[in-house]
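The lines below spell out each chain.
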Amino acid sequence: MQRKGQYVSAPDEITSADLASQALQRTTAPAAYPHEAHGQGDDLHSDHADAHEHTLEWPEMLRIALVAVAAAAVWWRVWEPLPRISLIGVAGLLIGGWPIFREALENLFAKRMTMELSMSIAIIAAAAISEFFTALIITLFVLIAEVLEGLTVSRGRRAIRDLLDFLPRAVAVRRAGAVAQVDAESLAVGDAVLVNPGGRIPVDGTVIAGHSFVDQARVTGESLPIEKTAGTAVFAGSINQSGALEIRAERIGRDTSYGKIIEAVEQAERSRAPVQRLADRLAGYLVYFALGAAALTYLLTHDVRSTISVVIVAGACGIAAGTPLAILGAIGRAARAGAIIKGGLFLEQLGRVNTVVLDKTGTLTHGQPEIRTALPAAGVDDALLLETAASAELRSEHPLGKTIVAHARALGHALPEPEHFGYTPGRGIDAVLGAEQVLVGNRALLRAHGVAVPEDVFARHPEASEVLVARAGRFLGAIVIADRVRAEATQAIRAIQAMGIKTILLTGDARAVAEVIARELGISEVAADLLPDDKQKRVRELVAQGRTVAMVGDGINDAPALIEAQVGVAMGSGTDVARESADVVLLGNDLLKFADTLGIARRTRRIIWANFVGTIGVDAVGIGLAAFGLLNPLLAAFIHVASELTFILNSARLLPSRSREEKQTAELVTGSSSAQART
């Protein structure tokens, strides 16, 4: 929510030293908008682990220790005054089993069949036949498993929380000519915020004073620091690397670019994918199956120990806890890789994608025309061709004309003003230079003025826009202007195709241009000259054919197709409409991030289904062995817990680890904070 505020202007001239000396404290506190950023992010559900941050607390450790001591005392029969009942065993079960029994009762009242309920039945049944040592060992295994599982899930939540806790809590602000330290939540639009070297920028805004290089990879995906001077824009979540900056706050809190990323990650964390709902249902079915198998075992064998072993060995914890952990880890890993997935549903669908549809301009290419080369006619040099065209285009507002002028100026050419300037829409420029008529445009313009143009002038450059130049009735040559393919696009397309995914290029550009781009990237299927409705229709047809489609685009014209696809992917530099319509947003314009995200989604899907199959397999074999008396309750408990932890740790492989760059950034921030504190 934006807060109203009064803007206090800064002095016209200020040095980096002034900014550094006037800032009261480093703006690098570790938490960011804690009430806003985390207010709704704690709803991730798990039947087996607390949704909030799990830390190893002394009551848990004490409970585990007491159960272990009780088990040892029962095993060595330290004090057994009663023949059938172990008082130490009963006390250990009451102390250690209380959290398990309480959760089982809550699930029973909620009519939810969970593994806590089945374990409670097994513990009580073992105690009922005086197997107090077995009951205590089951309790001990469950308590340890709960703690390890909670710590593992918390690690996944911390991986995402690292992303959320990046903005500073305390901010240095210039108000009424003085610098004051304020809480980030009290910032107002128009405030002049001071950020020292190494500090994290807390707002979206414009630099008022100072000069620095800013690492904004977390927001825009740009790999190199960007130079910032007065008048340039900065983004919240960026790291100020060198000089001090004073920034006018224009968007704060949730309204910043980084705030939008936080909202997307929180929403993804709260969402439940269909596969997660399937895991919950399957976990319940497995518990019913285990109890049914136990009842059948008792009816056929009348062996209480075998019956209890059947209940103990069957477990769906690997599914119930492993599935949300895998989804959580994948969303966090994708966010670290530079792709914001807006929900578990889209993560799951990404894992099933078999067709990727790509827009051309702004997605595969930079979306900005640039001069590739000059094609001068015989007896004409490149300099004359370019100077003539650029001078004629000096007053032009056409993107191609601006490109020519910028290129000529960059090369240091002197450009005289045209004595006359005229523009014919759809054809080009008619200007006068030195009393000579200059034409810069397409073939139709030159032919209309009687200038002969060679037919094959663009034979080797079919992708180029048609820019022909003539002066005083003489053809001077052509300028090849075309959009440039992104450096990483070829590698990204190869990576996508290596997964067995079909790639299709859909563009509103001319077919000749599209086919050149497609050949360069290795895309075999191309559709060109498409309007937005045509793109949407084509994606709809692919979906109707039973294909799982991901559409990648960046413009307003891509929004209908992004919505039509099962997964819409927007480039981070694209329009707001495209980003809002998309299910996945790439920070920056690196298509390799999308290829990496596809790989993460596929790996997540494989891990989840491996957990499904593994859990069912272990349960089936374990129940069979227990029913025939080949597993005692103690061994059944060990198999249950070992399989559960195996599947949870399998899911934990998706949890992101801190990269070397992130560690270096943390060290830089920490070091700067320590230095400022000493000052």
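Computed from a predicted structure; not experimentally measured. (Residues numbered from 1 in each chain as written. Predicted model: local features only at pLDDT ≥ 70, side-chain atom pairs only at ≥ 80, totals over all residues. Heavy atoms only, no water.)

Focus on the overall build of the chain
The condition is simple: Working definition: helices are DSSP H or I runs of at least four residues, strands are E runs of at least two. Numbering for both runs from the N terminus. Using a 1.4 Å probe on the protein chains alone, a residue whose accessible area is under 20% of its type maximum counts as buried, one over 50% counts as exposed, and one in between counts as partly exposed. For this analysis, residues touch if any pair of their heavy atoms sits within 4.5 Å. Note that accessible areas follow from Shrake-Rupley with a 1.4 Å probe, and for residues the cover is restricted to the protein chains shown.
Looking only at helices and strands, one finds 23 helices and 22 strands in the chain. Here the chain holds 679 residues, and 52% of them are scored as buried. At a minimum sequence separation of 6, the contacts of the chain that also span at least 24 residues come to 69%. About 29,400 Å² of surface is accessible on the chain, with carbon and sulfur atoms providing 57% of the total.

Section: the nonpolar core
In plain terms, the rule: Nine residue types can take part in a nonpolar core, namely buried Ala, Val, Leu, Ile, Met, Phe, Trp, Tyr and Cys, and a core is a set of them joined through side-chain atoms within 4.5 Å.
Among the nonpolar cores identified, the biggest contains 50 residues, and Leu350, Val356, Leu364 and Phe594 are the most heavily contacted of them. Look past the residues within four positions of Phe594 in its chain and what remains in contact with it is Leu350, Val356, Ile496, Ala550, Val552, Val569 and Leu586. Of all hydrophobic cores here, the second largest spans 37 residues; its members include Leu386, Val451, Val457 and Phe475.

Let's talk about the packing of helix H12 (residues 344-352) against helix H21 (residues 591-627)
Definition in use: A fitted line through C-alpha atoms serves as each axis, taken over the contacting stretch for helices, and the angle formed by two N-to-C directions is quoted from 0 to 180°. Roughly parallel refers to an angle under 35 degrees, roughly antiparallel to one over 145, roughly perpendicular to one between 65 and 115, and oblique to any angle outside these ranges. Three classes are used, and their members are as follows: Ala, Val, Leu, Ile, Met, Phe, Trp, Tyr, Cys and Pro are nonpolar, Asp, Glu, Lys and Arg are charged, and the others, Gly among them, are polar.
In the contact formed by H12 and H21, the axes pass within 7 Å of each other and the chain directions differ by 95°. It follows that H12 is roughly perpendicular to H21 by the angle criterion. In this structure, H12 uses Leu347, Glu348, Leu350, Gly351 and Arg352 to contact H21, whose residues at the interface are Phe594, Thr597, Leu598, Ala601, Arg602, Thr604 and Arg605. Its residues assigned to classes, the contact of H12 with H21 shows five nonpolar, three polar and four charged.

A closer look at the side chain of Thr297
Turning to its location among the elements, Thr297 is positioned in helix H9 (residues 274-301). For Thr297, the residues in contact, after removing those within four places along its chain, are His302, Ser306, Thr307, Val310 and Ala627.

A few points about the environment of Ala104
Assignment of secondary structure puts Ala104 in helix H4 (residues 87-109). A residue is classified by how much of its surface remains accessible, and Ala104, at 3% relative accessible area, is buried. Taking the C-alpha atoms as reference points, Ala104 and Met119, separated by 15 residues in sequence, lie 8.5 Å from one another. Contact partners of Ala104, with chain neighbours within four places excluded, come to Glu116, Leu117 and Ser120.

Some remarks on the packing of aromatic side chains
Using the following cut-off: Two rings from Phe, Tyr or Trp (for Trp, the six-membered ring) form a pair when their centres are within 6.5 Å of each other. A pair whose planes differ by under 30 degrees is stacked, one over 60 is edge-to-face, and the rest are tilted.
Under the counting rule described, the total for this entry stands at three aromatic pairs. Taking 4.9 Å as the distance between ring centres and 45° as the angle between the ring planes, the aromatic pair formed by Trp75 and Phe133 counts as tilted. Pair noted here: Trp75 is in helix H3 (residues 58-75) and Phe133 is in helix H6 (residues 132-164), with a separation of 58 residues, a long-range link. The exposure class of Trp75 is exposed, given its relative accessible area of 55%.

Digging into a nonpolar patch on the surface
The following threshold applies: Nonpolar side chains (Val, Leu, Ile, Met, Phe, Trp, Tyr) within 5 Å and like charges within 9 Å form the patches, drawn only from residues with over 30% relative accessible area and no salt bridge. A pair is scored as a salt bridge if a Lys or Arg side-chain nitrogen falls within 4 Å of a carboxyl oxygen belonging to Asp or Glu.
Together, Trp75, Trp76, Val78, Trp79, Leu82, Ile85, Leu87, Val90 and Leu94 line one region of the surface with nonpolar side chains, adding up to about 990 Å² of accessible area. Ranked by the residues each element gives to the nonpolar patch, the list is headed by H4, at three residues. When you line up the elements, Val78 lands in the loop between H3 and H4.

Let's talk about the environment of Leu542
Looking at the element boundaries, Leu542 is found in helix H18 (residues 532-544). Separated by 187 residues in sequence, Leu542 and Thr355 have C-alpha atoms that sit 8.5 Å apart. If we skip the residues at most four places from it in the chain, Leu542 touches Thr355, Val357, Ile504, Arg547 and Val549.

Digging into the sheet that holds strand S14 (residues 428-433)
The strands making up a sheet associate through hydrogen bonds between their backbones, and the pairing can be parallel or antiparallel. Note the cut-off: For two strands to count as paired, DSSP must find a minimum of two bridges between them.
If you trace the six strands from one edge of the open sheet to the other, you get S12-S17-S16-S15-S14-S13, paired in antiparallel fashion. For this open sheet the edge positions go to strand S12 (365-376) and strand S13 (420-424), each flanked by a neighbour on one side alone. The average angle at which neighbouring strand axes cross in this sheet is 20°, direction not considered. In terms of strand pairing, S13 meets S14 through five bridges, oriented antiparallel. Note on S14: the bridge partner recorded for Tyr423 is Ile429. The strands touched by helix H13 (residues 382-392) within the sheet are S12, S13, S14, strand S15 (436-441), strand S16 (465-471) and strand S17 (474-485), with S17 carrying the most contacts at an inclination of about 80°. On the sheet, helix H14 (residues 399-410) packs against S12, S16 and S17 and is oriented at approximately 65° with respect to S12.

Some details on unusual backbone geometry
A positive phi angle is found at Ala176, which is not glycine, with a value near 55°. Summarising the element assignment, Ala176 is placed in the loop between strand S1 (170-175) and strand S2 (178-183). For Ala176, a relative accessible area of 73% corresponds to the exposed category. Of note, the phi angle at His302 is positive, near 55°, even though the residue is not glycine.

Focus: helix H22 (residues 633-652)
Convention followed: What a helix is expected to span follows from its residue count: subtract one and scale by 1.5 Å. Any pair of nitrogen or oxygen atoms within 3.5 Å is treated as a polar contact; in protein, a donor-acceptor pairing is required on top of that, and neighbouring residues in sequence qualify only through side-chain atoms on both sides.
If you check H22, its first and last C-alpha atoms are 28 Å apart, about what 20 residues at 1.5 Å a residue would give, namely 28 Å. Where H22 is concerned, the buried positions are Pro633, Ala636, Ala637, His640, Val641, Ser643, Glu644, Phe647, Ile648, Asn650, Ser651 and Ala652. Where H22 begins, one side-chain oxygen reaches toward the backbone nitrogen of Leu634, 3.1 Å away; that side chain belongs to Asn632.

With respect to the pattern of salt bridges
Per the stated rule, a full pass over the model turns up 14 salt bridges. Across the pair Asp204 and Arg251 runs a salt bridge, and its minimum N-O distance is 3.1 Å. Placement of Asp204 in strand S4 (residues 204-210) and of Arg251 in strand S9 (residues 245-251) is noted, with a sequence separation of 47 residues between them. A relative accessible area of 37% means that Arg251 is categorised as partly exposed.

Describing the sheet that holds S4
Pairing within the open sheet is antiparallel, and its six strands lie in the order S2-S1-S3-S9-S4-S7. Bordering the open sheet on either side are S2 and strand S7 (233-234), each of which pairs with just one other strand. Sheet topology places S4 next to S9; six bridges connect them, and they run antiparallel. Paired with Asp204 across the two strands is Arg251, which belongs to S9.

Considering the confidence of the model for the chain
Just so we agree on the cut-off: Note on scores: pLDDT gives the predictor's confidence for each residue, bounded by 0 and 100.
For the chain, the average pLDDT comes to 78, and 78% of its residues sit at 70 or higher. Mean pLDDT across the elements of the chain ranges from a minimum in helix H2 (residues 34-38), with 35, to a maximum in strand S11 (residues 355-358), with 95. Long-range and interchain partners of residues 1-53, a stretch whose pLDDT sits below 50, account for 168 contacts in this model, where long-range means more than four residues apart. A low-confidence stretch, residues 659-679 stays under pLDDT 50, and its non-local contacts, those more than four residues away or across chains, total 19 contacts.

Regarding the pairing of S17
Among the 12 residues that make up S17, 10 are buried, leaving the element largely enclosed by the rest of the structure. Of the strand pairs in this sheet, S12 and S17 are connected by eight bridges, and their pairing is antiparallel. Bridged to Pro369 within S17 is Asp483. Looking at chain direction, S16 and S17 are connected through seven bridges and run antiparallel. By the bridge assignment for S17, Leu468 is matched with Ala478. Joining the antiparallel neighbours S16 and S17 is a turn of two residues, in which Ala472 adopts a positive phi near 55°.

A closer look at the packing of H3 against H4
Note the cut-off: By the definition used in this description, the sense in which the near helix is turned from the far one sets the handedness, with an anticlockwise turn below a right angle giving left-handed and a clockwise turn giving right-handed.
Between H3 and H4, the least distance of the axes is 9 Å, while the angle of their chain directions is 155°. Taken as axis vectors, H3 and H4 run roughly antiparallel relative to one another. Taken as a pair, H3 and H4 cross one another with a handedness that is left-handed. Residue-level contacts link Arg63, Leu66, Val67, Ala70, Ala73 and Val74 of H3 to Ile88, Gly89, Gly92, Ile95, Gly96 and Pro99 of H4.

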